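What the coordinates show
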Amino acid sequence: MAKLVFDEVGKRIYETGVDHCVLFVQASDGTYPLGVAWSGITEIQENPSGAESNKQYADNIDYLNLISKETFGGSIATFTTPKEWEECDGSKEVVPGVFIHQQNRKTFGLCYRTQVGNDIDGTDYGYKLHLVWGAKASPSERSRSTMNESPEAVNPSFTFDTTPVTVPGFKPTSHLEILSTAVPAEKLKAFEDIVYGSESSDARLPLPQEVLEFFSESPTPTTPEEENPEG
């Protein structure tokens, strides 16, 4: 047995910031084949809901407690949006430079990064990759203000809800996190080449099952010749 220790040096962990956001518009086959960089993000809020208690009574006692399904949604605040966002927001370019609104909204996915810091390394300690699937944006309010001595850029916020994706062996999910300090560095680098793209492949968003299988795979064993190529 050991006594609990609080506030140990190097273990004062916190999370901050948001960057490296990628938008993936869902294809007709349910995949997310092509990602585009989304610059100008100022805030991403995660708003899970549900999982509410619904007590059932019998025999003059609390007989059981049913929990409602949990859902995931959120909002995105940004100074600008990529062109691919237009159809996710119910807009369509009919002819060059002319956009019609109130159209069908496409489903999309996201990948974004938040910094994880501690009391020694600060935000160089690590980061989390957040993956979101099955998202659909809702109409959002936009405010246009007059220019004055303290001008501000328009910073619209888009809310979204999600439809969970099936994951064998688990309940369906719309959100998954990958902690850089807890997975092998070479695995993380290879995975980032998938979601951010590389010189040889476009960015794409794997479905949850593929992500879990990717990080569950054992490292490829090396042969004696590979370990000692000079013999």
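Cut-offs applied
Residues numbered from 1 in each chain as written. Predicted model: local features only at pLDDT ≥ 70, side-chain atom pairs only at ≥ 80, totals over all residues. Heavy atoms only, no water. Salt bridge = Lys/Arg side-chain N within 4 Å of Asp/Glu carboxyl O. Helix = DSSP H or I, 4+ residues; strand = E, 2+ residues; numbered from the N terminus. Buried < 20%, exposed > 50% of the residue type's maximum accessible area, 1.4 Å probe, protein only. Axes fitted to C-alpha atoms, helices over the stretch in contact; angles between N-to-C directions. Parallel < 35°, antiparallel > 145°, perpendicular 65-115°, else oblique. Left-handed = near helix turned anticlockwise from the far one by under 90°. Contact = heavy atoms within 4.5 Å.

Per the counting criterion, the structure on display carries 13 salt bridges. As a salt-bridge pair, Glu93 and Lys83 come within 2.5 Å of each other at their nearest N and O atoms. Of the two residues, Glu93 is situated in strand β9 (residues 92-95) and Lys83 in the loop between β8 (73-78) and β9; the sequence distance between them amounts to 10 residues. When its relative accessible area of 29% is taken as the criterion, Glu93 is described as partly exposed. With a closest N to O distance of 3.5 Å, Lys128 and Glu177 form a salt bridge. Of this pair, Lys128 sits in strand β12 (residues 122-137) while Glu177 sits in strand β16 (residues 175-179); the two residues are 49 residues apart in sequence, bridging distant segments of the chain. For Lys128, a relative accessible area of 19% translates into the label buried. In the salt-bridge network here, residues are joined through shared partners; they are Glu15, Lys128 and Glu177.

Moving on to the packing of helix α1 (residues 185-195) against helix α2 (residues 208-216). Running from N to C, α1 and α2 cross one another at 150°; their axes reach a closest spacing of 10 Å. Considering their axes alone, α1 and α2 lie roughly antiparallel with respect to each other. Like other packed secondary-structure pairs, α1 and α2 cross with a definite hand, here right-handed. Together, Lys187, Leu188, Ala190, Phe191 and Ile194 of α1 and Val211, Phe214 and Phe215 of α2 make up the contact between the two elements.

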